[in-house]
Amino acid sequence: MRIEYEEFDTVEDVFMYMSSLAPPMKNTMPINSYKGYIFSFIPLSPTTGDVYLIIYTKGKLDGKILEFDMNTQSYKKVESIERADKTYFIVLTPKKNSIADEALKQLEN
């Protein structure tokens, strides 16, 4: 498995990046908060799963659903997904993530 990295200064920058990658009409995306990092994996070789791009920043996110407004570059915790003009991130906090563990090991070396 090969992992490429793209680091950002803030979680808002990660959300901007991820929002710009979202296919049209898709306004919900998963984001991981794990071991002091906020990140998302993008498979660069979807058929084999051999190469991943990790978009990340250091930090921690609480809350299960975050509403992100691209115009103001801000986010807030919400209880439900209601607006088509906003992008929503579903915060996942896995107990164990072997791909993330390998990526973080490589990153920290």
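Refer to the preceding data block for the structure.
Visitor: It is not clear to me how the pairing of strand 5 (residues 65–69) should be interpreted in this structure. Could you clarify?
Guide: Across the five residues of strand 5, five count as buried, placing the element largely inside the fold. Covered by surrounding structure in strand 5 are Ile65, Glu67 and Asp69 together with Leu66 and Phe68, the residues of both alternating faces. With four bridges connecting them, strand 5 and strand 7 (residues 87–92) associate as antiparallel partners. Of the residues in strand 7, the one forming a bridge with leucine 66 is phenylalanine 89.

Visitor: Would you take a moment to explain the side chain of threonine 87 for this structure?
Guide: Following the sequence through the fold, threonine 87 ends up in strand 7. Sequence-distant contacts of threonine 87, defined by excluding residues within four places in its chain, comprise Ser19, Asn27, Met29, Leu66, Glu67 and Phe68.

Visitor: What is the right way to read the nonpolar core from this model?
Guide: Side chains of nonpolar character tend, in soluble globular proteins, to be buried together. Membership of the largest hydrophobic core comes to 16 residues, with the highest contact counts inside it found for Val14, Phe15, Met18, Ile31, Ile55, Leu61 and Phe89. Sorting the residues of this core by element identifies helix 1 (11–21), strand 2 (28–34), strand 3 (37–43), strand 4 (51–58), strand 5 and strand 7 as the ones contributing at least two each. Ranked by residue count, the leading element in this core is helix 1, at four residues. For methionine 18, the contacting residues outside a window of four places in its chain are Met29, Ser40, Ile42, Ile55 and Phe89. With nine residues, the next largest nonpolar core counts Ile3, Tyr37, Ala103 and Leu104 among its residues.

About the cut-offs
- Residues numbered from 1 in each chain as written.
- Predicted model: local features only at pLDDT ≥ 70, side-chain atom pairs only at ≥ 80, totals over all residues.
- Heavy atoms only, no water.
- Buried < 20%, exposed > 50% of the residue type's maximum accessible area, 1.4 Å probe, protein only.
- Helix = DSSP H or I, 4+ residues; strand = E, 2+ residues; numbered from the N terminus.
- Pairing = 2+ DSSP bridges.
- Contact = heavy atoms within 4.5 Å.
- Core = buried A, V, L, I, M, F, W, Y, C linked by side-chain atoms within 4.5 Å.

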